[in-house]
Amino acid sequence: MSLSETVTDGTTCSLVDYASIQDEPLIRQAIGVLEERIFKRGEVLTSPTAVREYLRLKLAGEAMEVFSVVFLDTQHRVIAYEPMFKGTIDGATVYPRVVIKRAIEYNSAAVILAHNHPSGVTDPSQADQAITTRLKSALELIDVRVLDHFIIGEGAPFSFAEAGLL
């Protein structure tokens with residue numbers, strides 16, 4: 001049985017492709033609802049689970065590695081979520097200078113770092129640990145705390161804070 005169907009103009013389309021196109025608006029709507037509930041400016045982040053699931057929705061579907069930052073104010077209210085660096089299938093170059101510049105522009109007091117592993121494996125690499133340490137040290141110089149760094153992949157996201165690596 002074929003998963004394609006002929007459309008009236010004579011072209012053939014895959015039902016799988018059609019289903020994924022139909023899911024995209026639903027996924028965008030779900031992310032929007034989560035943003036309204038969790039990441040609305042003025043709302044305090046009180047649930048690590050909510051942050052984890054939001055970041056998972058944002059990053060799990062990325063084909064290339066994306067490094068993102070959630071910028072927070074002094075009360076840990078979200079100022080912004082920003083994908084900052086895009087890389088290849090197994091890495092992204094992260095520039096601490098750029099993260100610091102954005103933290104200053106947002107007047108952030110704290111950040112949550114996140115990136116995906118397109119391979120699906122959420123174990124932190126030596127490079128992941130090194131950039132986390134480097135960013136934490138650099139951000140401390142301007143009094144911005146790194147609350148956590150999540151690695152998103154298949155299954156439960158990895159948390160540097162929960163693993164005692166921050």
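Structure: above.
Sequence positions are assigned chain by chain, starting from 1 and proceeding in written order. Confidence filtering applies because this is a predicted model: local features only for residues at pLDDT of at least 70, side-chain atom pairs given and counted only at 80 or more, and all residues used for totals across whole chains, interfaces and linings. Values reported for side chains reflect all heavy atoms of the structure, with hydrogen atoms and water molecules removed beforehand.

Caption draft 1: Just the overall build of the protein, in detail. The helix and strand inventory of the protein stands at four helices and seven strands. Starting at the N terminus, helices and strands are each numbered in turn, a helix being any DSSP run of H or I of at least four residues and a strand any DSSP run of E of at least two. When its helices and strands are written in sequence order, the protein yields β-β-α-α-β-β-α-β-α-β-β. Relative accessibility thresholds used throughout: buried, under 20% of the residue-type maximum; exposed, over 50%; partly exposed, between the two (1.4 Å probe, protein chains only). The 166 residues of the protein split such that 37% are buried. Between two residues, a contact is recorded if the distance between any of their heavy atoms is within 4.5 Å. When contacts within the protein are restricted to residue pairs at least 6 apart in sequence, those whose partners lie at least 24 apart make up 61%. Of the accessible surface of the protein, which amounts to about 9800 Å², a share of 53% is contributed by carbon and sulfur atoms. Note on areas: Shrake-Rupley, 1.4 Å probe, and residue coverage restricted to the protein chains presented here.

Caption draft 2: Representation of the sheet that holds strand 3 (residues 66-72) within the structure. Spatially, the five strands line up as an open sheet ordered 4-3-5-6-7, and their pairing is mixed. Each having just a single partner strand, strand 4 (78-86) and strand 7 (158-159) make up the two edges of the open sheet. Note on pairing: DSSP must find at least two bridges between two strands before they are called paired. In the sheet, strand 3 pairs with strand 4 via seven bridges, with the strands oriented antiparallel. Looking at strand 4, one finds that L72 is bridged to V78. Axis definition: a line fit to C-alpha positions, over the contact stretch in the case of helices; interaxial angles, taken between N-to-C directions, run 0 to 180 degrees. Contacts from helix 3 (residues 96-106) reach strand 3 and strand 4 within the one sheet, and its direction differs from that of strand 4 by about 160°. The strands that helix 4 (residues 126-140) touches are strand 3, strand 5 (110-116) and strand 6 (145-152); relative to strand 6, the one it contacts most, it runs at about 160°.

Caption draft 3: Seen up close, the packing of aromatic side chains. Between rings of Phe, Tyr and Trp, where Trp is taken as its six-membered ring, a pair exists when centres lie within 6.5 Å; planes separated by under 30 degrees are stacked, by over 60 edge-to-face, and by other angles tilted. In this structure the tally under the stated criterion is five aromatic pairs. One aromatic cluster in this structure is built from F67, F85 and Y95.

Caption draft 4: Seen up close, the nonpolar core. Residues grouped as a nonpolar core are buried Ala, Val, Leu, Ile, Met, Phe, Trp, Tyr and Cys residues, joined through side-chain atoms within 4.5 Å. Ranked by size, the top nonpolar core spans 17 residues in total, and within it F67, V69, V99, V111, L113, L135 and L139 carry the most contacts. Counting residues per element, the ones that place at least two in this core are strand 3, strand 4, helix 3, strand 5 and helix 4. At four residues, helix 4 tops the list of elements feeding residues into this core. If sequence neighbours within four positions are ignored, V99 has contacts with V69, F71, M84, F85, L135 and L139. Core analysis: the second largest hydrophobic core is formed by 15 residues, Y54, L55, A110 and A114 among them.

Caption draft 5: Focus on the side chain of H117. Note that H117 resides in the loop between strand 5 and helix 4. Here H117 falls in the buried class, since its relative accessible area comes to 13%. From its side chain, H117 meets the backbone oxygen of V121 in a polar contact 2.7 Å long. Discounting residues that sit within four places of it in the chain, H117 has contacts with E65, T122, D123, D128, I151, I152 and G153. In protein, a polar contact means a hydrogen-donor-capable atom and an acceptor-capable atom, both N or O and within 3.5 Å, with residues adjacent in sequence counting only if both atoms are side-chain atoms; elsewhere, any N or O pair within 3.5 Å suffices.

Caption draft 6: Quick look at the pattern of salt bridges. Only one rule defines a salt bridge in this text: a Lys or Arg side-chain nitrogen within 4 Å of an Asp or Glu carboxyl oxygen. Tallying each qualifying case throughout the model produces six salt bridges. Across the pair E105 and K101 runs a salt bridge, and its minimum N-O distance is 3.5 Å. Placement of both E105 and K101 in helix 3 is noted, with a separation of four residues, approximately one turn of the helix. You can call E105 partly exposed: its relative accessible area is 44%. Linked through salt bridges whose partners overlap, the residues forming this network are E82, K101, R102 and E105.

Caption draft 7: Region of interest: the environment of R28. Relative to the assigned elements, R28 resides in helix 1 (residues 15-38). With 29 residues separating them in the primary sequence, R28 and L57 have C-alpha atoms 9.4 Å apart.

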